[in-house]
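Commentary on secondary and tertiary structure
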Amino acid sequence: MPSDMTTFKGKPFDRASLESVMKRRLFYTPAFDIYGGVSGLYDYGPPGTALTNNIVDVWRKHFVLRENMLEIDTTMLTPHEVLKTSGHVDKFADWMCKDPKTGEIFRADHLVEEVLEARLKGNKEARGEKVEAEEEDPKKKKKKVKNIAAVKMDDALVTEYEEVLAKIDNYNGEELGLLLKKYDIKNPATNGELQPPVAFNLMFQTSIGPSSNMPGYLRPETAQGQFLNFAKLLEFNQQQMPFASASIGKSFRNEISPRSGLLRVREFLMAEIEHFVDPEGGKKHPRFEEVADVELELLDREVQLSGKTNVKTTKIGEAVKTGLVDNETLGYFLARIQQFLLKIGADPKKIRFRQHMANEMAHYAADCWDAELLTSYGWIECVGCADRSAYDLTVHMKKTGAPLVVREPRKEPLKVEEWVCDIEKKKFGPKFKKDGKTVENAIEALTQDLREKLSLDLEKEGKIVIDVPGVGDGKVEVPKELITIEKRTRVENVREYTPNVIEPSFGIGRIVYALCEHIYWTREQDEARGVLSFPPTVAPTKALIVPLSSHSDFKPFVRTLSDKLQEAGVSTRVDDSGASIGKRYSRNDELGTPLGITIDFQSVKDNTFTLRDRDSTEQVRAGLDEITTAITNLVNGKEQWSDVATRLPKFEGQEVDA
């Protein structure tokens, strides 16, 4: 557990305490639990479902509505051919290593990470430094890494381990194999030797239709459906560029070794944006100036490759200007991602943006940054933001012939001088017979420079010789009777180009869990009283209605309050149990309910109610309309509690524990 992980109030963080609250209050639960469960699959209970939906609602307003994005809902089942073209069939893999004696499978980078971290922990213990004890889950049959003996290590080896951990995402399979061998990493449970890492494709394979002759997969991301609909979306958008599509839905990855609760699962909710932009002109964004002064904590690839993890506070405008962030549109979304995370309640001190290193980044990407949130499991990637250049549209267009391009009138006609090859087709076919098409394609693929050179050869030699792999010895002679090469001028009135794509991709489940860690704390006077300080906007339930007792006089007021708040779109919960007021509030603090309304005998007399703030436990008292307005304003983000406490009369007392 990171030593700098703290609660919402800055105290040492206890993961076991939070997870106990989340499971006990049914935020989430292992799926198929009564059958023993399945690793990496979880069900969300009522508060977890409501919290997720509220975060998605904020996401839609923050991105889709604010940016006028085109939201679509695409199918989860995807044919093999689509994901073969996109590269997922060949490259969507993690590295795994196997213990041949036990059959146990390990994800190689995770194993290296866990063993080296455990040894560093043992080194600290041997040096007499304080180390946080990690709770062991009694449901787990065994831990991947057993307790490592407290062994003092050389300072040089400690530094070496730390440098490896800083670069853990940059190693390929062969390099991970070398690390396993170099540091003598074996099966932690049996000390058995492990086989070298091999690639394991993470997609769930299936077949579509009863005959099973159409192989397919459960989608590993929502992006491909957006790319395939590009031409239709462009037409829907009246051919206007730039524009963005968005999609929210389930994705699936067959993780080798699911771990860390909700952070690494096999089925999860994603929210993805594909912002299509003209590659000419440096990928500018018209609203970049609005965010240029937003400061981000940036961890660039050069720092990581030096074995360090030091972040630098940088204005996004400066990062784009110096080229650290590739372009304005990418920078714009990094700033907007941070604004979204802060809006839902993430701790600003626990957000950083880490740049992908060379081995992490796809070969076609221009730049890629991850928004990482600090948790008790370390820094966790929750949002990826990549410039995917024109790769996706290009490969699908090449495969299918579909025109996934933008055509727009030029302001001024463009004169283009080019070397043109004309083939005498009547003579060409009989000359080359079955190889005719192959030779023709090779001629069409000739570059302008080569065409210019070959025009001179044709004039001088009366023939040209070109490379055509697979035909004869790979060299093909074309006489001047079959081909003409000359320079011509044509006028272009329409510009055609393939857009580039900037893609912010959000792992909603990871954001949900990391947020819960960021806003969890316990009350000073009673550490058993856990509190989840969700902002009212995303809290699962917004207001708790608490009648002082089960007295019949209170029932009409409960109904009136519930109806009025629900009509305003505010989710409420009634607790009319026999427990004390304090106890009822306390158990709803665990659910993150930000506001409480108490109905007492004074309410019966004058139709006023107390309104309680979860975090400060302060209370104000006012009439029905004023209380409803205050709650609605708080939930919609129009007011803070300090505004309400200033505006409405303060109320003392009433909250007592039994």
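These notes cover the structure that comes with them. Not measured: the values here are computed from a predicted model. Position numbers for residues count from 1 along each chain, tracking the sequence in the order it is written. This being a predicted model, a pLDDT of at least 70 is required before a residue's local features are given, and a value of 80 or more before pairs of side-chain atoms are given or counted; all residues contribute to the totals for chains, interfaces and linings. To obtain the side-chain values, all non-hydrogen atoms of the structure were used and water was disregarded.

Secondary structure follows DSSP: runs of H or I at least 4 residues long count as helices, runs of E at least 2 residues long count as strands, and numbering of each begins at the N terminus. The helix and strand tally for the protein stands at 22 helices and 29 strands. Viewed in the frame of its principal axes, the protein has a C-alpha envelope of about 105 × 65 × 55 Å. Here the term buried applies to any residue with accessible area under 20% of the maximum for its type, exposed to any over 50%, and partly exposed to those in between, with areas from a 1.4 Å probe on protein chains only. The 658 residues of the protein split such that 51% are buried. All accessible-area figures derive from a Shrake-Rupley calculation using a 1.4 Å probe, and residue coverage is judged against the displayed protein chains alone. Of the roughly 32900 Å² of accessible surface on the protein, a fraction of 49% belongs to carbon and sulfur atoms.

To continue, consider the sheet that holds strand β24 (residues 543–547). Sheets are built from strands paired through backbone hydrogen bonds, the pairs being either parallel or antiparallel. Note: two strands are recorded as paired if DSSP finds a minimum of 2 bridges between them. In spatial order, the strands read β25-β24-β26-β27-β28-β29; together these six strands make up an open sheet with mixed pairing. Strands with a single pairing partner mark the edges of an open sheet, and in this sheet they are β25 (572–574) and β29 (650–651). Across five bridges, strand β27 (residues 608–613) lies against strand β28 (residues 619–623) in antiparallel orientation. Looking at β28, one finds that F609 is bridged to A622. Here a residue-residue contact requires only that any non-hydrogen atoms of the pair lie within 4.5 Å. Whenever a helix is involved, its axis is fitted only over the stretch in contact; in every case the axis is a line through C-alpha atoms, and angles between N-to-C directions fall within 0 to 180 degrees. Helix-sheet contacts for helix α21 (residues 624–635) involve β24, β26 (595–599), β27 and β28, and the interaxial angle to β28 is about 125°.

One face of the sheet, then the other: side chains in a regular strand alternate in exactly this way. Counting buried positions along strand β10 (residues 243–252) yields nine of 10 residues, so the element is predominantly enclosed. Two strands pair when backbone bridges link them, and β10 and strand β11 (residues 267–277) are joined in this way by 10 bridges, in the antiparallel orientation. Of the residues in β11, the one forming a bridge with S245 is E274.

We now examine the pattern of salt bridges. A pairing counts as a salt bridge when a side-chain nitrogen of Lys or Arg comes within 4 Å of a carboxyl oxygen of Asp or Glu. All chains considered together, the criterion is met by 52 salt bridges. Note that D155 is salt-bridged to R127, the shortest N-O span being 2.8 Å. Taken together, the residues D155 in helix α6 (residues 155–166) and R127 in the loop between α5 (108–126) and α6 connect sequence positions 28 residues apart. Judged by its relative accessible area of 53%, D155 is exposed. When its relative accessible area of 33% is taken as the criterion, R127 is described as partly exposed. Residue D589 pairs with R612 through a salt bridge whose shortest N-O separation is 3.2 Å.

In spatial order, the strands read β3-β10-β11-β21-β16-β15-β14-β12-β13; together these nine strands make up an open sheet with mixed pairing. Taken across any chain shown, the strands that pair with only one partner, and hence form the sheet edges, are β3 (70–71) and β13 (312–315). Here β3 pairs with β10 via two bridges, running parallel. Within the sheet, the bridge partner assigned to E71 lies in β10 and is A246. With respect to the sheet, helix α2 (residues 46–65) is in contact with β3, β10, β11 and β21 (500–507), its orientation differing from that of β11 by roughly 0°.

What follows concerns helix α7 (residues 173–182). By the burial criterion, the buried members of α7 are G173, L176, G177, L179 and L180. Relative to the axis of α7, the buried residues are bounded by an arc of 160° and lie together on one face. Structural note: α7 exposes E174, L178, K181 and K182 on the side pointing more than 90 degrees away from its buried face. Contacts from the buried residues of α7 go to β5 (93–98), α5 and α6. Pairs of N or O atoms within 3.5 Å make up the polar contacts considered here, provided that, within protein, one atom can donate a hydrogen while the other can accept it, and that residues adjacent in sequence are counted only when both atoms are side-chain atoms. Near the N-terminus of α7, the side chain that reaches the backbone nitrogen of E174, with its oxygen 3.2 Å away, is that of N172. Throughout, the arc means the angular range of directions from the helix axis out to the C-beta atoms.

Looking now at helix α12 (residues 328–343). To estimate the expected span of a helix, count its residues, drop one, and scale the result by 1.5 Å. Over its 16 residues, α12 extends 22 Å from the first C-alpha to the last, a length consistent with the 22 Å expected when each residue adds 1.5 Å. Of all 16 residues making up α12, 13 are buried, and the element is well covered by its neighbours. Put simply, N327 is the residue that caps the front of α12, since its side-chain oxygen is 3.2 Å from the backbone nitrogen of T329. Residue G345 follows α12 closely and has a positive phi angle near 115°.

Aromatic rings from Phe, Tyr and Trp, taking only the six-membered ring of Trp, are treated as a pair when their centres fall within 6.5 Å; an angle between ring planes under 30 degrees marks them as stacked, one over 60 as edge-to-face, and anything in between as tilted. Summed over all chains, the structure comprises 19 aromatic pairs. With a centroid separation of 5.6 Å and 50° between ring planes, the pair formed by W59 and F63 is classed as tilted. Note that W59 and F63 are positioned in helix α2 at a spacing of four residues, about one turn of the helix. Exposure remark for W59: the relative accessible area of 0% places this residue in the buried category. Relative accessible area serves as the criterion here: at 0%, F63 is assigned to the buried category. A network of ring pairs unites the aromatic residues W59, F63, F340 and F506 as a single cluster. In this scheme, the term charge over a ring applies when either NZ of a lysine or CZ of an arginine sits within 6 Å of the ring centre and within 35 degrees of the ring normal. Between the NZ or CZ atom of K9 and the centre of the ring of W521, over which it lies, the distance is 4.6 Å. The ring of Y585 has R612 sitting right over it, with the charged end atom 4.3 Å from the ring centre.

Moving on, we come to the packing of helix α14 (residues 425–432) against helix α15 (residues 436–444). What describes two packed helices is the angle between their axes and the distance between those same axes. Remark: α14 packs on α15, axes separated minimally by 8 Å, with the N-to-C direction vectors making an angle of 125°. With respect to α15, the axis of α14 lies oblique. Residue-level inspection shows K425, F428 and F432 of α14 in contact with α15, the latter providing G436, V439, E440 and I443. Charged residues are taken to be Asp, Glu, Lys and Arg, nonpolar residues to be Ala, Val, Leu, Ile, Met, Phe, Trp, Tyr, Cys and Pro, and polar residues to be all remaining types, Gly included. Considered class by class, the residues forming the contact of α14 with α15 number four nonpolar, one polar and two charged. Note that the term roughly parallel is reserved for angles under 35 degrees, roughly antiparallel for angles over 145, roughly perpendicular for angles of 65 to 115, and oblique for everything else.

Assignment of secondary structure puts R354 in strand β14 (residues 351–355). Sequence-wise, R354 and E372 are 18 residues apart; in three dimensions their C-alpha atoms are separated by 7.0 Å. Of the polar contacts made by the side chain of R354, one reaches the side chain of E360; its length is 2.7 Å.

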